[in-house]
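One letter stands for each residue in the lines below.
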Amino acid sequence: MEIPRHWRINPQRYELIGEECPHCKIKIFPPRDVCPNCGGEAKEEYTFSGRGEVYSFTTLYDGPAGFEEMTPYTVALVKLEEGPVVTAQLTDLGSTGVEIGMPVEMVTRRIRSDGDERGMLIYGYKFRPVGFTTAK
Amino acid sequence: MAAPEKSPLLLIPDRQVGFIGYGAYVPRYRLPGSAVSHIWRFGESGSPVKEKAVAGLDEDVITMSIEAARNALARAGIPARELRAVWVGSESHPYAVKPSGTVVAEALGASSSISAGDWQFACKAGTEAIVAAMGLVGSGMGRYALAIGMDTAQGKPGDALEYTAGSGGAAYIVGPADEALAVIEAAYSFVSDTPDFWRRQEQKYPEHGQRFTGDPAYFKHIQAAAETLLRETRTTPADYRYAVFHQPNPKFPQRAGKALGFNDEQIKDGLLVPVIGNTYAGAALIGLTAVLDIAQPGDRVLVTSFGSGAGSDAFALRVTDAILERRGKARSTADYITRRTEIDYGTYVRFRGKLAMR
Ligand SMILES: [Zn+2]
């Protein structure tokens, strides 16, 4: 039923692709074609680095429909290094506690399955702690 | 090696090819062998491995392939748009029908003008994809092809395989030899219809013919493939700094290596099964990533996979100078192995979908 809506947003959801305003150069996510800063038209694709830090977070013990199998999980507002703030699940926390300001990086993960085990799998961005050796 | 004159057995494309990038992925969770023994054997049985890597709740072959491929692209230093193929070899594709390859390709930002799809040949699905990539690049149909071997390996609860069936794998970008960090000097594939291990359509766990897993399956095919490659390339084990074999447990590759004339020094660096388990289609390929992380220019590496059903692909590689500046551009295999959170059997049961929710 919801299939078309899912695939049209693949680039932004799989790869964190947003926009850059050609007038004032701010980076925009999610893409909206109009710059929230200067009001100019902004349609240039921009791929975010995926790096950012936790701005705020909360843990959900009762997830909304479709997310029950993932509970409990932590949702955070992540401030990307290019500026925008995105809402996303944190993953791969292991025994790591979450803190405001914690550096995180984007990974593409399974978000949920659309309906039961017969449904389509939905993939998208989440963020995880950077706390293991980073490439030079 | 003297450029092998065209052996009718070897797989050598018209244009020489190699790996221009590689990337590993291992999920962060570990299930100790002792936890399995505790549940099923009162803790009285030893485990063939210390522990195995377990994918988290939101991970599968698609997500793991995406991360390994991003690491491979970072090392290759090419944009995803230049790939002409995205091929994923696995025996745990999330969908029975719907390719993993298209999701991986789109998540990487690959173009739509590519060949994408999934390969299946038990534990050698990944090396099968590499052989195909050699053909695509070596024929000039494309400059770069991405081939992945990745699994969230299944083992029936309580079965001997449950100690070892792990999650992980690796991605390789095949390209022209003059851009390679490891040139593929030759490959050789050897197969036969052998009923050692299988999983029927719609079955959750594999079956294995206990009698068949050792001599008539693993050892026969690995040895036939590696011996033929050595003979036809006129090389001997002493010419290789490293040898990597499919690794369902620590003993099989050690025994196969010894029988071929390789010593423990040549085998140990690519032997990851004691700490991540048997990652099926990922096993030989992630072993190779650990070797490439430390190999020096000029080193030769012999890699031989094994897939039940059955067959082996063997490769003779020569590491180039490019390894030195490229390997640091993504996380090392050791980085992933060191990132480790131990889990108990209950968490494992939940993570691997063995817990019925309805
Ligand atoms: Zn603007």
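Structure's up top.
Residues numbered from 1 in each chain as written. Chains lettered and ligands numbered in written order. Predicted model: local features only at pLDDT ≥ 70, side-chain atom pairs only at ≥ 80, totals over all residues. Heavy atoms only, no water.

Caption draft 1: The arrangement of the pattern of salt bridges in detail. Residue and element names in this part refer to chain A. Enumeration over the complete set of coordinates arrives at 32 salt bridges over all chains. The closest approach of N and O atoms between Arg128 and Asp92, which form a salt bridge, is 3.7 Å. With Arg128 in strand β8 (residues 121-129) and Asp92 in the loop between β6 (85-90) and β7 (103-113), the pair connects residues that are 36 residues apart, well separated along the chain. Pair check on accessibility: Arg128 and Asp92 agree, each one buried. (Salt bridge = Lys/Arg side-chain N within 4 Å of Asp/Glu carboxyl O. Helix = DSSP H or I, 4+ residues; strand = E, 2+ residues; numbered from the N terminus. Buried < 20%, exposed > 50% of the residue type's maximum accessible area, 1.4 Å probe, protein only.)

Caption draft 2: Summary view of the packing of aromatic side chains. All names here are of chain B. Inspection of every chain in the model, using the stated rule, returns 17 aromatic pairs over all chains. Judged by centre distance (4.6 Å) and plane angle (45°), the ring pair of Phe19 and Tyr172 falls under tilted. Taken as a pair, Phe19 in strand β1 (residues 17-25) and Tyr172 in strand β7 (residues 167-176) lie far apart in primary sequence, 153 residues in all. When the ring of Phe245 is compared with that of Phe262, the centres are 6.0 Å apart and the planes differ by 70°; the resulting orientation is edge-to-face. Residue Phe245 is found in strand β11 (residues 242-245), and its partner Phe262 is found in the loop between α6 (251-260) and α7 (264-268); the two are separated by 17 residues along the sequence. Phe262 shares its class with Phe245; the two are buried. (Phe/Tyr/Trp six-rings, centres within 6.5 Å; stacked < 30°, edge-to-face > 60°.)

Caption draft 3: Highlighting the pairing of β1 of chain B. All names here are of chain B. With nine of nine residues buried, β1 lies mostly within the body of the structure. Sheet topology note: the β1/strand β8 (residues 182-191) ladder contains two bridges and is antiparallel. Its bridge partner being in β8, Phe19 is matched across the sheet by Ala182. (Pairing = 2+ DSSP bridges.)

Caption draft 4: Representation of the packing of helix α5 (residues 214-232) of chain B against α6 of chain B in the model. All names here are of chain B. One can describe the packing of α5 onto α6 by two numbers: an axis separation of 10 Å at closest approach and a directional angle of 45°. The orientation of α5 relative to α6 falls into the category oblique. Here the hand of the crossing between α5 and α6 comes out right-handed. Packed against α5, whose contacting residues are Gly214, Asp215, Tyr218, Phe219, Ile222, Gln223, Ala226 and Glu227, the element α6 presents Phe252, Pro253, Arg255, Ala256, Ala259 and Leu260 at the interface. Considered class by class, the residues forming the contact of α5 with α6 number nine nonpolar, two polar and three charged. (Axes fitted to C-alpha atoms, helices over the stretch in contact; angles between N-to-C directions. Parallel < 35°, antiparallel > 145°, perpendicular 65-115°, else oblique. Left-handed = near helix turned anticlockwise from the far one by under 90°. Contact = heavy atoms within 4.5 Å. Nonpolar A, V, L, I, M, F, W, Y, C, P; charged D, E, K, R; others polar.)

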